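Secondary and tertiary structure notes
If you want the building blocks of each chain, they are given just below.
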Amino acid sequence: MDNVYLNMLPDVSQVNFGDVEDVTGYATYLYASSQLDVQRSATLKQAARTWVDNVRNVIGTFTPADALTVVNGYEMMHLIAFNLPAASVFLKKFRLNAFDALINGDSQVDEYEMFRTVSRETARRDIDYMGSPLKWQCESLGRWHRQFRTLFGNNRTTDHDTIEIVAILLGSNLWAFETSNEARYKNLLFSCHRHFLDDITGKDIMHLTSLTRFLAVAEKYLTHDEIRDMKHAISLAVLSLPAVNRYLRLAIKLKTAKRQNVLKYSV
């Protein structure tokens, strides 16, 4: 596979850095491109550097919820741009600011994204997450496990919440709750909610994004062919939506082309 796609990198100067969907969509596209370009060419690196520089200038104007979403992409973009991890102080500022906003009632902050963020940082043994964030993480996991102790949520649980919570439970260490029954519980939990992966017609971008996370933690319960077909079906469902961000659309097309081992796509 050659590097012809690098000549097709969208011009980063056309990104609206005041629009979170444009910012994250372009980052998703660059990350997808980096998976094909293992040497990370000068063109790709420069685009990532420009993205990083612009985000540093504007992220302080974003809401805590939007800043959390953007900063999680910033970490990967910085690595692509400079072959170095981003400064933890910079990342932590916006992540902990979003955490404070969440526990103080900001419903715009995605609690599931925050849970994944705190889980990742506590796994890295970052001491600044070992107080209130870790306590909140443990309490949230316990609450979600109780909610799905009998494998199903209550009738007030939306499909979106169900998919996100089940994905988190499948991906978390549940020994404290299930002990030796953990593997059996997770197998049953997946079996009870697998139907979400088979029913994607007419779903919106939020639902399909949640399904992508669900599929990522559920791969051990599926065959290789099932995983391939489900990934492809979700990609096509996203591409069928009229309002998908332009860069996210290109990223999905690129990933689909990679799976098919061809690089024929149009903007």
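A brief structural summary. Computed from a prediction, not measured in an experiment: that's the story for all the values here.

1. Things to note about the nonpolar core
- The biggest cluster of nonpolar side chains holds 46 residues, and the ones touching the most others in it are Met114, Leu169, Leu211 and Phe214.
- At 7 residues, helix α7 (residues 159-171) tops the list of elements feeding residues into this core.
- Apart from the residues within four sequence positions on either side, leucine 169 is in contact with Leu141, Trp144, His145, Phe148, Leu174, Tyr185, Lys186 and Leu189.
- Judged by nonpolar contacts, the second largest core, of 35 residues, contains Val15, Val23, Leu44 and Phe94.

2. Quick notes on unusual backbone geometry
- With a phi angle near 60°, asparagine 83 is a residue other than glycine that sits in the positive phi range.
- Structurally, asparagine 83 is set in the loop between α3 (64-82) and α4 (88-103).
- The backbone phi angle of threonine 179 is positive, close to 45°, even though this residue is not glycine.
- Considering the arrangement of structural elements, one finds threonine 179 in the loop between α8 (175-178) and α9 (182-193).
- Taking relative accessible area as the criterion, threonine 179 reaches 40% and is therefore assigned partly exposed.

3. Let's talk about the environment of isoleucine 205
- Relative to the elements of secondary structure, isoleucine 205 occurs in helix α11 (residues 205-218).
- Taking the C-alpha atoms as reference points, isoleucine 205 and alanine 123, separated by 82 residues in sequence, lie 29 Å from one another.
- Leaving out residues up to four positions away in the same chain, isoleucine 205 has contacts with Val238, Leu241 and Leu248.

4. Regarding the side chain of glutamate 182
- Locating glutamate 182 in the fold gives a position in helix α9.
- On the basis of relative accessible area, glutamate 182 is assigned to the buried category, the value being 15%.
- Among the polar contacts listed, one links the side chain of glutamate 182 to the backbone nitrogen of leucine 174, at a separation of 2.8 Å.
- Residues in contact with glutamate 182, not counting those within four places in the same chain, are Ser172, Asn173, Leu174 and Trp175.

5. Focus on the environment of serine 33
- Positionally, serine 33 belongs in helix α1 (residues 20-36).
- For serine 33, a relative accessible area of 0% translates into the label buried.

6. Considerations on the packing of helix α5 (residues 111-123) against helix α6 (residues 132-147)
- Where α5 contacts α6, the two axes come as close as 10 Å, and the packing angle between them is 125°. It follows that α5 is oblique to α6 by the angle criterion. Helix-helix and strand crossings are classified by hand; for α5 and α6 the assignment is left-handed. Between α5 and α6, the contacting residues are Glu111, Tyr112, Met114, Phe115, Val118, Ser119 and Thr122 on the first element and Pro133, Leu134, Trp136, Gln137, Ser140, Leu141, Arg143 and Trp144 on the second.
- Split by residue class, the contact of α5 with α6 holds 9 nonpolar, 4 polar and 2 charged.

7. Overview of the pattern of salt bridges
- Applying the stated criterion across every chain yields a total of 19 salt bridges.
- Its salt-bridge partner being glutamate 164, residue arginine 116 comes within 3.1 Å of it at the nearest N-O pair. With arginine 116 in helix α5 and glutamate 164 in helix α7, this residue pair connects regions lying 48 residues apart in the sequence.
- Counted as one network, the salt bridges with shared partners bring together Glu75, Arg95, Arg120, Glu121 and Arg124.

8. Some points on the side chain of aspartate 22
- Inspection of the secondary structure puts aspartate 22 in helix α1.
- Looking at aspartate 22, the relative accessible area reads 4%, which means it is buried.
- A polar contact is formed between the side chain of aspartate 22 and the side chain of asparagine 245, at a distance of 2.9 Å.

Scoring rules and cut-offs
Residues numbered from 1 in each chain as written. Predicted model: local features only at pLDDT ≥ 70, side-chain atom pairs only at ≥ 80, totals over all residues. Heavy atoms only, no water. Core = buried A, V, L, I, M, F, W, Y, C linked by side-chain atoms within 4.5 Å. Buried < 20%, exposed > 50% of the residue type's maximum accessible area, 1.4 Å probe, protein only. Helix = DSSP H or I, 4+ residues; strand = E, 2+ residues; numbered from the N terminus. Contact = heavy atoms within 4.5 Å. Polar contact = N/O pair within 3.5 Å; in protein donor to acceptor, adjacent residues only side chain to side chain. Axes fitted to C-alpha atoms, helices over the stretch in contact; angles between N-to-C directions. Parallel < 35°, antiparallel > 145°, perpendicular 65-115°, else oblique. Left-handed = near helix turned anticlockwise from the far one by under 90°. Nonpolar A, V, L, I, M, F, W, Y, C, P; charged D, E, K, R; others polar. Salt bridge = Lys/Arg side-chain N within 4 Å of Asp/Glu carboxyl O.

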